[in-house]
Amino acid sequence: VAYSFKARFADLVMAGTKRQTIRAPRKSAHAKAGSPLTFYTGPRMKPLLIGASKCTEVLNVELDLEANAVTTWAPDKPEPPSANINTTRALHDFATADGFENWSDMRDWFLETHDAPIFRGLIIRWGALSA
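Residues numbered from 1 in each chain as written. Predicted model: local features only at pLDDT ≥ 70, side-chain atom pairs only at ≥ 80, totals over all residues. Heavy atoms only, no water.

Visitor: Please set out the overall build of the protein residue by residue, giving values where relevant.
Guide: Secondary structure assignment for the protein yields 3 helices and 6 strands. When the backbone C-alpha atoms are referred to their principal axes, the protein occupies close to 40 × 30 × 25 Å. The buried share among the 131 residues of the protein stands at 40%. Across the protein, contacts joining residues at least 24 apart in sequence account for 61% of those joining residues at least 6 apart. As displayed, the protein offers around 7500 Å² of accessible surface, 54% of which is attributable to carbon and sulfur atoms. Positive and negative charge centroids in the protein, built from 16 and 14 side chains respectively, lie 10 Å apart. (Helix = DSSP H or I, 4+ residues; strand = E, 2+ residues; numbered from the N terminus. Buried < 20%, exposed > 50% of the residue type's maximum accessible area, 1.4 Å probe, protein only. Contact = heavy atoms within 4.5 Å. Areas by Shrake-Rupley, 256 points an atom, 1.4 Å probe, with all protein chains shown as cover. Lys, Arg positive; Asp, Glu negative; His and termini not counted. Charge placed at Lys NZ, Arg CZ, Asp CG, Glu CD.)

Next comes the structure, spelled out in structure tokens:
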């Protein structure tokens, strides 16, 4: 499974400080735990390879950008539990793990990119890049 990253995130993936991505549902299958992953950046017709790794975890995620809350849950469960990331520190840590400066930066990016106060998708996590 291949994932493309905007330039602002590519260096963080290469450095190993960004080891997760949040993605919207799509027609083609997303990664599953154990799946090989390939990462790219740049234009679609001439992508630049960032690296490769193995998927370690996939979770459902809901970002409630108005309530400042994040909920994650196992993919085999249809409905989310109550928010499990909702303190200032936990939101900051979650956002920086995804390559943002802080929760405010992440919230603003998702609002601008997806134009909705609630985002539902998947978190795909991976280990160290392979050589």
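Visitor: Requested: an account of the packing of aromatic side chains, with residues and values cited.
Guide: Going through the model one piece at a time under the given rule, you end up with 9 aromatic pairs. Judged by centre distance (4.5 Å) and plane angle (45°), the rings of Phe 39 and Trp 126 are tilted. Here Phe 39, found in strand β3 (residues 36-41), pairs with Trp 126, found in strand β6 (residues 118-126); they are 87 residues apart in sequence, far enough to count as distant. Every member of this aromatic cluster is reached through a ring pair, and the members are Phe 9, Phe 100, Trp 109, Phe 110 and Phe 119. (Phe/Tyr/Trp six-rings, centres within 6.5 Å; stacked < 30°, edge-to-face > 60°.)

Visitor: Which residues make up the side chain of Thr 72, and what values go with them?
Guide: Relative to the helices and strands, Thr 72 is located in strand β5 (residues 69-73). Among the polar contacts listed, one links the side chain of Thr 72 to the side chain of Asn 84, at a separation of 3.1 Å. Apart from the residues within four sequence positions on either side, Thr 72 is in contact with Leu 59, Asn 60, Val 61, Pro 81, Asn 84 and Ile 123. (Polar contact = N/O pair within 3.5 Å; in protein donor to acceptor, adjacent residues only side chain to side chain.)

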